[in-house]
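# Architecture and fold: a report
What follows is the residue order along each chain.
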Amino acid sequence: MLLPILKYGAPELKRASSPVDFFNGQLERIVRNMTETMYAAPGIGLAAVQVGIELRLATVDLSVGEEKDQFMVICNPEVLSVEGEQKCEEGCLSIPEFSEAVVRPRRMIVKAQDLHGDELRIEADGLLARCLCHEIDHMNGVLFIDRLSALKRNLIRNKIRKLARSGEW
Ligand code: ZN
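Before going into details, it helps to say that this report is about the structure given with it. (Residues numbered from 1 in each chain as written. Predicted model: local features only at pLDDT ≥ 70, side-chain atom pairs only at ≥ 80, totals over all residues. Heavy atoms only, no water.)

What follows deals with the sheet that holds strand β1 (residues 45-47). Pairing is antiparallel in the open sheet, where five strands are placed in the order β1-β2-β3-β6-β7. Two strands bound the open sheet, and with one partner strand each, they are β1 and β7 (119-125). Across this sheet, the average inter-strand angle for adjacent strands is 40°, counted without regard to direction. (Pairing = 2+ DSSP bridges. Helix = DSSP H or I, 4+ residues; strand = E, 2+ residues; numbered from the N terminus. Axes fitted to C-alpha atoms, helices over the stretch in contact; angles between N-to-C directions.)

Pasting the structure below:
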């Protein structure tokens, strides 16, 4: 089932999500719907809060469904270490049509739980590191535009306000 993706301005996107504490059929259903929604968007990552489910949960697939082994369910991630820096264009399904260069760590090690509650240890670099940072930010109520300079952030906010006024947001 496709779920509606919340857009910038929705209060949920500013709130920190709660840990996932159930690993059962209910979680499987949520993940199935999130995955379908992520692929349809299309996107490489979707945090549960973006579909109004305030859990520390994200689906990630850098191949957008092309390669089975790229798909990941990430519950309750914890950043164990970060290294280096990368600056690249970043977008968000909740802020469609906007993208800006964001500084992120180049490499990171993340501990998380998978769909069954088993421990995952992810050694990520490049785009995967960027994507994990982005999704973990969502779980803490942070959007990529919060990581921009005030000038750039306000520019985007003003454009979104204009779109909202004309009913296009
Ligand atoms: Zn996002």
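Read on, since the account is not over.
What follows is about the packing of aromatic side chains. Going through the model one piece at a time under the given rule, you end up with one aromatic pair. Where Phe98 meets Trp169, the ring centres are 6.2 Å apart and the plane angle is 65°; that geometry is what we call edge-to-face. Residue Phe98 is found in the loop between β4 (86-90) and β5 (100-104), and its partner Trp169 is found in the segment after α3 (150-165); the two are separated by 71 residues along the sequence. Judged by relative accessible area, which is 14%, Phe98 ranks as buried. The positively charged end of Lys7 is found above the aromatic ring belonging to Trp169, 4.9 Å away from the centroid. (Phe/Tyr/Trp six-rings, centres within 6.5 Å; stacked < 30°, edge-to-face > 60°. Buried < 20%, exposed > 50% of the residue type's maximum accessible area, 1.4 Å probe, protein only. Lys NZ or Arg CZ within 6 Å of the ring centre and 35° of its normal.)

One ladder, built from six bridges, connects strand β3 (residues 72-83) with strand β6 (residues 107-113); its direction is antiparallel. Within β6, the position partnered with Cys75 by the bridge is Gln113. Looking at chain direction, β6 and β7 are connected through seven bridges and run antiparallel. Within β7, the residue paired with Val110 across the bridge is Ile122. Counted between consecutive antiparallel strands, the loop separating β6 from β7 contains five residues, among which Gly117 sits at a positive phi close to 90°.

It is worth spelling out a positive patch on the surface at this point. On the surface, a cluster of positive charge is contributed by Lys159, Arg161, Lys162 and Arg165. Note that Lys159 resides in helix α3. (Patch = residues over 30% accessible without salt bridge, like charges linked within 9 Å, V, L, I, M, F, W, Y side chains within 5 Å. Areas by Shrake-Rupley, 256 points an atom, 1.4 Å probe, with all protein chains shown as cover. Salt bridge = Lys/Arg side-chain N within 4 Å of Asp/Glu carboxyl O. Lys, Arg positive; Asp, Glu negative; His and termini not counted. Charge placed at Lys NZ, Arg CZ, Asp CG, Glu CD.)

Cis geometry marks the peptide bond from Ala41 to Pro42; its omega dihedral reads -10°. With respect to the secondary-structure elements, Pro42 resides in the loop between α1 (25-40) and β1. At Glu97, a residue that is not glycine, the phi angle is positive and equals roughly 80°.

This paragraph deals with the pattern of salt bridges. In the structure shown here, the tally under the stated rule is eight salt bridges. A salt bridge links Glu90 to Arg130; the nearest nitrogen and oxygen atoms lie 2.4 Å apart. Note that Glu90 is positioned in strand β4 and Arg130 in helix α2 (residues 126-139), a separation of 40 residues in sequence. Under the relative-accessibility criterion, Glu90 is labelled buried at 4%. With a closest N to O distance of 3.8 Å, Glu100 and Lys152 form a salt bridge. Separated by 52 residues along the polypeptide, Glu100 in strand β5 and Lys152 in helix α3 bring together distant segments of the chain. Using a relative accessible area of 38% as the deciding quantity, one classes Lys152 as partly exposed. Among the charged side chains, a network of salt bridges with common partners joins Glu90, Arg104, Arg130, Asp137 and Arg147.

Counting 16 residues, the largest nonpolar core has Leu27, Met34 and Leu57 as the members making the most contacts within it. Breaking this core down by element, the ones donating at least two residues are α1 and β3. It is α1 that provides the largest number of residues to this core, a total of five residues. Look past the residues within four positions of Met34 in its chain and what remains in contact with it is Leu3, Leu46, Ala47, Ala48, Val51, Leu57, Ala58 and Thr59. Val60, Ile74, Met108 and Ala129 belong to the second-largest nonpolar core, a separate cluster that totals 14 residues. (Core = buried A, V, L, I, M, F, W, Y, C linked by side-chain atoms within 4.5 Å. Contact = heavy atoms within 4.5 Å.)

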